[in-house]
Amino acid sequence: MTDNAVDRVVNLLHEALADEAAQADEQTGQLDPADRVQLLKSMISEDAEPEDAVASWIARAIHV
Amino acid sequence: MRFTFSRPQGSHELPLVEEYPDGRLVRVQGYNGIGKSLAIRLLQLATGQQPYVTMSNAWGTLRSSLGHVMIETSPLGDRGHLTWRLEPAQWPEHPVPVDEWLGSAELDGRPLPISEVPKLLRVFRIAGDETLSESLGQRVRRDLELTRQVGDKVEAAGTIWDLRVRQVEEATSGVRRGKLEALHSEVREASEQLDEARGQHHQLRERLEGLNDALDLLDAQREMTTRLPAIQSQLLSLRQRRSKAEQELRRLDDKAGQILGDERRSRQQAKQFEDDERLLRLRRDRLQRRIWEVNRALTAMTSVPDIDRDDPEAREKLAAHIADLRQELAVAERERLSIDRQGVVRELASDVDDSLQRGIEDGLGDEAIADLRGERISIEDLSDGIEALDSQRPITTEQVELLRQRIGDLENDLDEATRLDDAIRLYQKAVEDVDATEESLQTLLERLTDPAAQSYRELQDSRSALVDELALNAIETGELEREQDALLAAADPGAIAEQLEGLGLDSNDEESIQEAHAAAKSDLDESEGFISELANREGEAKAELRAEEAAIRSAAEALRSEDLSWFVARTKLDPKQDDPLDAQETRLAAISTAAEAFAKHLLTVSNDVQAMENALGWLARSIEEGTRPGHEALRLVPSLIRRYEREFAEYLSAPEVIGALFDGGSDLQVDLSKLTTTWVTPQGERRTRPIEAFSSGEKAFAYTRVQLEQVAEGDAEKKVVFLDEFGAYVARDRFEELETFIRKRALPDLADQVVIVLPLTQEPSDVEHRQQLEENGLFWEILT
């Protein structure tokens, strides 16, 4: 997949999730749309080592 | 860029054009059925797109009938030629996304992975045989295809990531922030409740003992009432008999004096006789008292030793008995002391055992911790010993009462045994004294004449019997008087009143006291049950605390293990062994919570992508089939509808399209739920028009505008766009307008080359084009 194609999907999902969150009456306590698409991008990134990514996301959740 | 297509010699079921020429804007016209579109689709495949996603049958025909194909381009700038060798017979059964299965590729003679090709070149096909709805639907469908590819990657990554997250989760599972502190509080609270309950239990026991004493006093009062008249009557009788016996004794003494006077003995001898007689009486009295004292001591003992007062070794035997009593008393007192200190000892044992348990959990169970008279005691032995002792407790109230009674009995027996020893010693001395005096009197009697001696001896026998009777009378009188005194003392009304006041009872009615006694006994039993329950609760809380401590140590150890070195090395989040346990718990709990939350986030992302796949599929079908999307049940559909409405409105708002189709108006809006467009005319009038109501020529414009947007997605070095099947839709009079549009909108920003493919409408007039048509079935014009 080209970077542009990935960007297309990520943007589409981000906008849809943001719109969905804006329409929702209550917060679900989940990651916000920006974090969700950021996590998505990490998952499909060709460069990321799984261990680096998982450790980094867990550490980030602790420090937030 | 020029494309050539070649196949091995032989018959081919599927026709395929041999060439598409170079040129920035080229118009190609050719016969129908010569493989113009097939060649374009092969170029799409070769550059990474899958145009057969919705054409399974055509895909099957391609695999079975196309045969080996070689495609070659003219040089891509300074990179050289691109060449593909396609083997359709080897392709997958279904039209899956393009991968290395396609065949092989070379760049300037060097192998190039198929996956690398799209970075160099992308070929797009815009088909004029689609309606505007289909075109919009295709836009959504392409997004669906991309989303599926993203979804595949998410799923693949999710599986690997999830394994890692689970590793961290499993290592730290069960550790929760603040649990340790909560358990410490629970243990503390349980211990405090237990101490308080034990204090209340002690008070209840004292009350029960007080009520026992009160009942004893009432018993004594009753005993006094029934027994005292009989005692007093016996005493009166004894005193009367004593008076009578004393009178008779005086008479005998007078007669004895007369006998001795008749013998005319010397005054000195008579005096000696009288003295011995008096002494014998005194000593016999004393002997009787000693006998009474020995008997009293023996009867006062709860455990009577087998001792004969006349046995010369009686005192030695009694000394041994006293030694036994002392030993028994010491043991019982130690036991009582142990019970009294039970609460403190329990607490101490618990503290020690907690530490021992930690040692055992740390693998130190076999290590020696004490030397008990040469025998080495391990940590585990000591812990087992504490547990065994703990299981023997608690001692019931009845057992405590029995022990107290036993100690009282032993103390009493010891006192009485000491008195008995004195009594036996004095008794034996009294026997010796009586024997000596009787011997002296016998000597004096032997000096009397026989008749006088005979009379005297007879008189003396009667006299001895009277002395014995008087002695016995004195003993009985003394015993009865003591019993009378004891009864009067035990039944003292003042003592009873004081006892009842101390117990908070204002009535000496026995029934009330019995009720209070029963209630106190019941309270005591209940208190014992409650203490037992609290002790269990305390034990359980301690066990839970120990389990939590073990879980924390185990989790910390797991985190430091080789399996999780990747996590620790990257985050430095492992708790240090020297950290306090609560600090380790805090850190582990934070890791556990974060890992648990992150696992959910992974699932959320996967669900998001899946939801978008579902929504896009549904939306594409709805637009293509004109079923008017408005479905609210599928997640993200409403959001995506709003998103696409904005996007499609933006496509159609290009000035050329607005001018051609929407009266040069403004505020163009697309409503996908109604499949309509609305806009405001320059005169300020809002107009609405169904998408399907646009004419072919109009649609071609709008459609081309929409389709050209897909070209922007690729980030390849070169992009080539084929406008295929346009002839049926583009009216001759608007073709130049379309060319202008392409020159202005597509070529500068979006594509390097645009090829417009049209069906042959009339034979070319010039020789060159006729020759091209004859050789290839098509001819071309380079427009730019």
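Residues numbered from 1 in each chain as written. Chains lettered and ligands numbered in written order. Predicted model: local features only at pLDDT ≥ 70, side-chain atom pairs only at ≥ 80, totals over all residues. Heavy atoms only, no water.

1. Here we look at the overall build of chain A
Check the secondary structure of chain A and you find three helices and zero strands. When each of the 64 residues of chain A is scored for burial, the buried share is 45%. Split by element, the accessible area of chain A, about 3,400 Å² in all, is 42% carbon and sulfur. (Helix = DSSP H or I, 4+ residues; strand = E, 2+ residues; numbered from the N terminus. Buried < 20%, exposed > 50% of the residue type's maximum accessible area, 1.4 Å probe, protein only. Areas by Shrake-Rupley, 256 points an atom, 1.4 Å probe, with all protein chains shown as cover.)

2. Let's talk about the nonpolar core
Among the nonpolar cores identified, the biggest contains 86 residues, and B:Trp161, B:Phe567 and B:Leu640 are the most heavily contacted of them. Counting residues per element, this core draws most heavily on helix α15 (residues 581–625) of chain B, which supplies 19 residues. Beyond its immediate stretch of four places on either side in the chain, B:Leu640 contacts A:Leu12, A:Ala16, B:Met612, B:Ala615, B:Leu616 and B:Leu619. (Core = buried A, V, L, I, M, F, W, Y, C linked by side-chain atoms within 4.5 Å. Contact = heavy atoms within 4.5 Å.)

3. Observations regarding the interface of chain A and chain B
If you look at the interface, chain A gives 36 residues, while chain B gives 47 residues. Surface buried jointly by chain A and chain B totals about 3,900 Å² across both partners, of which 71% is contributed by carbon and sulfur atoms. Notably, a salt bridge pairs A:Asp19 with B:Arg642, separated by 2.6 Å at the nearest N-O pair. Put simply, chain A and chain B have twelve residue pairs in polar contact (both at pLDDT 80 or more) between them. For the side of chain A that touches chain B, the secondary-structure elements that each account for two or more residues are α1 (3–23), α2 (33–44) and α3 (50–63) of chain A. Top element by residues in the side of chain A that touches chain B is α1(A). It accounts for 13 residues. Considering only residue class, the side of chain A that touches chain B consists of 21 nonpolar, six polar and nine charged. (Buried area = accessible area lost by both parts, 1.4 Å probe. Salt bridge = Lys/Arg side-chain N within 4 Å of Asp/Glu carboxyl O. Polar contact = N/O pair within 3.5 Å; in protein donor to acceptor, adjacent residues only side chain to side chain. Nonpolar A, V, L, I, M, F, W, Y, C, P; charged D, E, K, R; others polar.)

4. Describing the sheet that holds strand β13 (residues 686–690) of chain B
Residues and elements named next belong to chain B. Strands sit in the order β11-β12-β13 across an open sheet of three strands; the sheet is antiparallel. Each edge of the open sheet carries a strand with a single partner, namely β11 (666–671) and β13. Strand-to-strand twist in this sheet, taken as the mean axis angle between neighbours without regard to direction, amounts to 15°. One ladder, built from five bridges, connects strand β12 (residues 676–680) with β13; its direction is antiparallel. Across the sheet, residue Val680 finds its bridge partner in β13, namely Arg686. Packed on one face of the sheet, helix α16 (residues 637–652) meets β11 and β12 and runs near 135° to β11. (Pairing = 2+ DSSP bridges. Axes fitted to C-alpha atoms, helices over the stretch in contact; angles between N-to-C directions.)

5. Observations regarding a nonpolar patch on the surface
Residue and element names in this part refer to chain B. Together, Leu348, Val352, Ile369 and Leu382 line one region of the surface with nonpolar side chains, adding up to about 320 Å² of accessible area. Assignment of secondary structure puts Leu382 in helix α9 (residues 379–392). Leu382 gets classed as partly exposed once you look at its relative accessible area, which sits at 32%. (Patch = residues over 30% accessible without salt bridge, like charges linked within 9 Å, V, L, I, M, F, W, Y side chains within 5 Å.)

6. What to know about the sheet that holds strand β14 (residues 718–724) of chain B
Hydrogen bonds between backbone groups are what pair the strands of a sheet, and the pairing can be parallel or antiparallel. Residues and elements named next belong to chain B. Spatial ordering of the open sheet is given by β8-β14-β15-β3-β16, a layout of five strands whose pairing is mixed. Strands at the two margins of the open sheet, each flanked by one partner only, are β8 (121–127) and β16 (778–782). With direction set aside, neighbouring strand axes in the sheet form an average angle of 20°. Sheet topology places strand β3 (residues 25–30) next to strand β15 (residues 753–759); six bridges connect them, and they run parallel. Paired with Val28 across the two strands is Val757, which belongs to β15. Across the sheet, helix α1 (residues 36–46) lies against β3, β8, β14, β15 and β16, angled at about 140° from β8, the strand it touches most.

7. A word on the packing of α1(A) against α15(B)
Two elements in contact, α1(A) and α15(B), have axes separated by 11 Å at closest approach and are oriented at 90°. Between α1(A) and α15(B), the angle is such that the two are roughly perpendicular. Where α1(A) abuts α15(B), its residues A:Val9, A:Leu12, A:Leu13 and A:Leu17 lie against B:Asp608, B:Val609, B:Met612 and B:Leu616. Counted by class, the contact of α1(A) with α15(B) contains seven nonpolar, no polar and one charged residues. (Parallel < 35°, antiparallel > 145°, perpendicular 65-115°, else oblique.)

8. Regarding unusual backbone geometry
Residue and element names in this part refer to chain B. The phi dihedral of Lys572 falls on the positive side, at around 55°, and the residue is not glycine. Secondary-structure assignment places Lys572 in the loop between α14 (565–571) and α15. Residue Lys572 is classed as exposed on the basis of its relative accessible area of 58%. You will see that Leu675, though not glycine, has its phi angle at about 55°, which is positive. Along the polypeptide, Leu675 turns up in the loop between β11 and β12.

9. Quick word on the side chain of B:Arg141
Summarising the element assignment, B:Arg141 is placed in helix α4 (residues 132–172). Excluding its chain neighbours within four sequence positions, the residues that come into contact with B:Arg141 are B:Thr54, B:Ala620, B:Arg621 and B:Glu624.

10. Points about the pairing of strand β5 (residues 82–86) of chain B
All names here are of chain B. Burial of β5 is extensive: four of the five residues sit out of reach of the surface. Where strand β4 (residues 69–73) and β5 come together, four bridges link them in antiparallel fashion. Among the inter-strand pairings, Glu72 is bridged to a residue of β5, identified as Thr83.

11. So, the packing of aromatic side chains
Residues and elements named next belong to chain B. Per the stated rule, a full pass over the model turns up twelve aromatic pairs over all chains. When the ring of Tyr52 is compared with that of Trp59, the centres are 5.7 Å apart and the planes differ by 50°; the resulting orientation is tilted. Members of the aromatic cluster, each reached through a chain of ring pairs, are Tyr52, Trp59, Trp91 and Trp101. Here the basic side chain of Arg41 rests over the ring of Tyr52, its NZ or CZ set 6.0 Å away from the ring centre. (Phe/Tyr/Trp six-rings, centres within 6.5 Å; stacked < 30°, edge-to-face > 60°. Lys NZ or Arg CZ within 6 Å of the ring centre and 35° of its normal.)

12. A few points about the environment of B:Thr761
Inspection of the secondary structure puts B:Thr761 in the loop between β15 and α20 (767–776). With 732 residues separating them along the chain, B:Thr761 and B:Gln29 place their C-alpha atoms 8.0 Å apart.

13. Points about the pattern of salt bridges
One side chain can pair with another of opposite charge once the charged atoms of both are near each other. Applying the stated criterion across every chain yields a total of 54 salt bridges over all chains. In this structure, the salt-bridge partner of A:Arg8 is B:Asp143, at a minimum N-O distance of 2.6 Å. Taken together, the residues A:Arg8 in helix α1 and B:Asp143 in helix α4 connect one chain to another. Classification of A:Arg8 as buried rests on a relative accessible area of 13%. Each of A:Arg8, A:Glu15, B:Arg139, B:Asp143, B:Arg643, B:Arg646 and B:Glu647 takes part in salt bridges that share partners, so that together they form one network.

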